[in-house]
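Report on the structure
One-letter residues, chain by chain:
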Amino acid sequence: MWVKSGLLPLLFSYVLALVLTIMPIPAVLEPWRPDWVSLVLIYWLIAIPHRVGFGTVLIMGLLTDILMGSTFGIYATALVLVAYPALRHFQRIRNYSLTQQLLIVGVLIFVKRVIVYELEHVLNDAVFNLPYLYPVLSSAIIWPWLFLILRRYRRRYLIR
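Model, not experiment: these values are computed from the prediction.

Turning to the overall build of the protein chain, a few remarks are in order. Of regular secondary structure, the protein chain possesses eight helices and zero strands. The C-alpha atoms of the protein chain give 15 Å as radius of gyration, which agrees with the globular expectation for 160 residues (15 Å, within 12%). Based on the C-alpha atoms only, the size of the protein chain along its principal axes is roughly 45 × 35 × 30 Å. In the protein chain, of all internal contacts separated by at least 6 residues, the share reaching a separation of at least 24 is 69%. With an accessible surface of roughly 9200 Å², the protein chain has 70% of that area assigned to carbon and sulfur atoms. Once the 14 positive and 6 negative side-chain charges of the protein chain are each reduced to a mean point, those two points are 26 Å apart.

Moving on, we get to the UniProt feature "transmembrane region" (unreviewed entry) in the protein chain. As annotated in UniProt, the feature "transmembrane region" (unreviewed entry) corresponds to residues 6-29, 36-60, 66-86, 98-117 and 132-150 in the numbering used here. Along residues 36-60, the helical share is 76% and the strand share 0%, with 11 Å between the first and last C-alpha atoms. Secondary structure over residues 98-117 splits into 100% helix and 0% strand, and the C-alpha atoms at its two ends are 28 Å apart.

A grouping of Trp32, Leu137, Ile141, Trp145 and Ile149 is seen on the molecular surface, where their side chains present a nonpolar patch of about 560 Å² in accessible area. Secondary-structure assignment places leucine 137 in helix H8 (residues 134-156). Taking the relative accessible area as the measure of exposure, leucine 137 reaches 47% and is therefore partly exposed.

Rules used throughout
Residues numbered from 1 in each chain as written. Predicted model: local features only at pLDDT ≥ 70, side-chain atom pairs only at ≥ 80, totals over all residues. Heavy atoms only, no water. Helix = DSSP H or I, 4+ residues; strand = E, 2+ residues; numbered from the N terminus. Rg over C-alpha atoms; globule rule 2.2 N^0.38 Å. Contact = heavy atoms within 4.5 Å. Areas by Shrake-Rupley, 256 points an atom, 1.4 Å probe, with all protein chains shown as cover. Lys, Arg positive; Asp, Glu negative; His and termini not counted. Charge placed at Lys NZ, Arg CZ, Asp CG, Glu CD. UniProt positions renumbered as here; feature names shortened; annotations may be inferred. Patch = residues over 30% accessible without salt bridge, like charges linked within 9 Å, V, L, I, M, F, W, Y side chains within 5 Å. Salt bridge = Lys/Arg side-chain N within 4 Å of Asp/Glu carboxyl O. Buried < 20%, exposed > 50% of the residue type's maximum accessible area, 1.4 Å probe, protein only.

So this is what it looks like as C-alpha cells:
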C-alpha cells in the first residue's frame, strides 16, 4: 500500500533532501550548497499540489530547524511563506520552460534566504555576509537537472 500510493518514495525524497542539507562537503563548496529542502519541496508543490501542501512544508521546515540547530520555527516560517506562491500558481509554473522555472525558483530561494536572515538577525543578531546568498545561484543552476530527475522518479514510482 505504501509503495502503491507513492508515499514511501515521496518520503524517501524528503529524507534525501534533509541528508543532502547536512552532508559534509569541502569547506570551499560549503557557501555554494544548494537549498535542497526548498528545491525538493518546490518541485513536489508544483508537481502534486493535491498531496503536498502547507502541512508537509511546515513539518519539513521544523525538521530543517532541528537539523540546522537554528531557532525553532525560522526555516518553517520561511518555507511556508515561499510555498504559498508555488501552490497558488502551480499550474502556471508547471507550464513554463525550464529556463523560466529556473528564474522563478531563484526568486523563491532568494525570498526564503532573506526571510531566514531577517528572522536570524532579529532573534540572534546575525550579521549579513554576501556568501549567504550564494545558494540562490547554485539552487537556480541545479533546478533544471533536479526537475528532470524528480520527474523521472515521480513517473517511475507512480507518485500521483
